[in-house]
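Structural overview
As a plain string of letters, each chain reads:
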Amino acid sequence: MCIRDRDHPSRDLLQELEMPPGETLFGVFTGVPLPERSITEPPIYPDTIIIFQEPLMAACSGLEELEEEIAITVVHEVAHYLGLSEEQLEQLGYG
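These notes cover the structure that comes with them. Since the structure is predicted, the reported quantities are computational estimates derived from the model, not experimental observations. (Residues numbered from 1 in each chain as written. Predicted model: local features only at pLDDT ≥ 70, side-chain atom pairs only at ≥ 80, totals over all residues. Heavy atoms only, no water.)

Here helix H3 (residues 63–81) contains 19 residues, and its C-alpha end-to-end distance of 27 Å stays within 8% of the 27 Å for a straight helix at 1.5 Å per residue. Of the residues making up H3, those classed as buried are Leu-66, Thr-73, His-76, Glu-77, Ala-79, His-80 and Tyr-81. Buried positions along H3 lie against strand E2 (27–30), strand E3 (48–52), helix H2 (53–59) and helix H4 (86–91). Downstream of H3 by a residue or two, Gly-83 has a phi angle that is positive, lying close to 105°. (Helix = DSSP H or I, 4+ residues; strand = E, 2+ residues; numbered from the N terminus. Expected span 1.5 Å × (residues − 1). Buried < 20%, exposed > 50% of the residue type's maximum accessible area, 1.4 Å probe, protein only. Contact = heavy atoms within 4.5 Å.)

In structure tokens form, the structure reads like this:
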């Protein structure tokens, strides 16, 4: 697993994720969640979490808030890697 940062999500990514207008994307997990993996056919590409700097900075008013939001975003994306759905994350307070 690697964690990368980018300035902002691409238009193609936002379309692929079917993000509604006005919705902000702080991060994304790309790869195969652990529960969906095959022993006989391992993933070709490494699992990656991408954190988007510009949306995070725009949403936060200071360094402390930014650090907290980055931590929440990373936990959220690691949870997707572990196989948790958006609904499960919302129930846990990470929606």
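The rest of the description comes next.
Our next topic: the pattern of salt bridges. For the structure shown, the criterion picks out 1 salt bridge. For Asp-47, the salt bridge identified is with Arg-37, shortest N-O distance 1.9 Å. Of this pair, Asp-47 sits in the loop between E2 and E3 while Arg-37 is found in the loop between E2 and E3, placing the two residues 10 residues apart along the sequence. Of the residues examined, Asp-47 reaches a relative accessible area of 7% and is grouped as buried. When its relative accessible area of 29% is taken as the criterion, Arg-37 is described as partly exposed. (Salt bridge = Lys/Arg side-chain N within 4 Å of Asp/Glu carboxyl O.)

What follows concerns the sheet that holds strand E1 (residues 2–6). Spatially, E1-E3-E2 is the arrangement adopted by the 3 strands of the open sheet, whose pairing is mixed. Two strands lie at the open edges of the sheet, namely E1 and E2, each paired on one side alone. The sheet shows a mean angle of 20° between the axes of neighbouring strands, taken without regard to direction. Against the sheet, H3 contacts E1, E2 and E3, and its axis sits at roughly 20° relative to E2. (Pairing = 2+ DSSP bridges. Axes fitted to C-alpha atoms, helices over the stretch in contact; angles between N-to-C directions.)

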